[in-house]
Amino acid sequence: FSVATAVNDSGQVVGTSLTAVNAATHAFSWTQAGGMVDLGTLGGTLSVPTAVNDSGQVVGWAQTSGDRGFRAFSWTQAGGMVDLGTLGGNISIGTGVNDNGQVVGYSGVANFDLHAFLWTQAGGMVDLATIGGPNTNTIATAVNATGQVVGNFRAGGGVHAFSWTPAGGTVDLGTLGGTNSQATAVNANGQVVGFFDMPGNAATHAFSWTQAGGMVDLGTLGGTFSQATAVNANGQVVGLSKPPSPIMRSHGRRRAGWWISGPSASPAMRTR
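In what follows, the accompanying structure is described. None of the values given here were measured: they were computed from a predicted structure.

Focus: the pattern of salt bridges
Under the criterion given, the structure shown has 1 salt bridge. The residue Arg71 makes a salt bridge to Asp83 at a minimum N-O spacing of 3.9 Å. Separated by 12 residues along the polypeptide, Arg71 in strand 7 (residues 70–76) and Asp83 in strand 8 (residues 80–83) bring together distant segments of the chain. With a relative accessible area of 11%, Arg71 lands in the buried category. Given the relative accessible area of 35%, Asp83 is considered partly exposed.

Structure, rendered in structure tokens:
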């Protein structure tokens, strides 16, 4: 059993695989030249990578020895797997890394809330929970090349997507009339994608957000559900969408889709 979770521009693939001993699940890195390499754990039996940058730095989370919880980790060829610590709680999860080695994720704090963090080799783990008050749960999901962090935080009775930059701090990306929105990815140009609930929770639609244009509904493939999961530097967005019921019965519940906008193409969601 093995599952791939991310790939960098050099073709390095990371994921998880069952091991031959004790059916443990370990993070791996695979290259064409070297094949699959076990990245180990932090003393426990489980490690899961979530992202890899173009330098080959892998981040994710791993079980510690003695079942003391999970810790965010950073792995490099030279330094192996390193525990990134916590913000005072028992767990931390690494979710993204950029080419400068900045790692983002979320960590438990002393009062058992979860706070988004930004980690660097020089500064360690820094709490980004600067929105929604001191007792608000925040989760960072991705970071781009400029250090812009995106994620989600508790807002009233729902969840809102946010964007954080060193210069501008944390910005609530809002919703399009509903109570919830969640950010999943951000590209080098600061374009954020994710998904939001329509008013009345009647449907879930993918969104794209930019500083200039705000949040834009990317629509669906005719049904009531879509989620954007990734965006590249050209603004191409990919994700999932549920097609209308007649198609759903004959082709399965959800289909992969992509959305593109550019000089030669009007914005549209298309199936893959």
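Section: the sheet that holds strand 12 (residues 124–127)
Within the open sheet, the 4 strands sit side by side as 9-10-11-12. Their pairing is antiparallel. Looking along the sheet, the strands with just one partner apiece sit at the ends: strand 9 (88–97) and strand 12. Shown here is a sheet whose adjacent strand axes are inclined to one another by a mean of 35°, direction ignored. Pairing analysis gives 4 bridges linking strand 11 (residues 114–120) to strand 12, with the strands arranged antiparallel. When the sheet's bridge partners are listed, Leu118 is paired in strand 12 with Val126.

Focus: the side chain of Asn98
For Asn98, the position within the fold is in the loop between strand 9 and strand 10 (103–109). Within the structure, Asn98 has its side chain in polar contact with the side chain of Gln102 (distance 2.7 Å). Here the side chain of Asn98 touches Asn144 through a polar contact of 2.9 Å, landing on its backbone oxygen. Apart from the residues lying within four places of it in its own chain, the contact partners of Asn98 are Asn53, Val143, Asn144, Ala145 and Gly147.

Some remarks on the packing of aromatic side chains
Tallied over the entire structure, the rule returns 1 aromatic pair. Summarising the aromatic geometry, the rings of Trp61 and Phe70 are spaced 4.9 Å apart at their centres and angled 85° between planes, so their arrangement reads as edge-to-face.

A closer look at the sheet that holds strand 15 (residues 158–165)
Within the open sheet, the 4 strands sit side by side as 13-14-15-16. Their pairing is antiparallel. In the strand order of this sheet, the two ends are held by strand 13 (138–143) and strand 16 (169–174), each with one partner. Here the average twist between neighbouring strands, direction ignored, is 30°. Pairing analysis gives 5 bridges linking strand 13 to strand 14 (residues 149–155), with the strands arranged antiparallel. When the sheet's bridge partners are listed, Ile139 is paired in strand 14 with Asn152.

Scoring rules and cut-offs
- Residues numbered from 1 in each chain as written.
- Predicted model: local features only at pLDDT ≥ 70, side-chain atom pairs only at ≥ 80, totals over all residues.
- Heavy atoms only, no water.
- Salt bridge = Lys/Arg side-chain N within 4 Å of Asp/Glu carboxyl O.
- Helix = DSSP H or I, 4+ residues; strand = E, 2+ residues; numbered from the N terminus.
- Buried < 20%, exposed > 50% of the residue type's maximum accessible area, 1.4 Å probe, protein only.
- Pairing = 2+ DSSP bridges.
- Axes fitted to C-alpha atoms, helices over the stretch in contact; angles between N-to-C directions.
- Polar contact = N/O pair within 3.5 Å; in protein donor to acceptor, adjacent residues only side chain to side chain.
- Contact = heavy atoms within 4.5 Å.
- Phe/Tyr/Trp six-rings, centres within 6.5 Å; stacked < 30°, edge-to-face > 60°.

On their own, these measurements won't tell you what the molecule is for.
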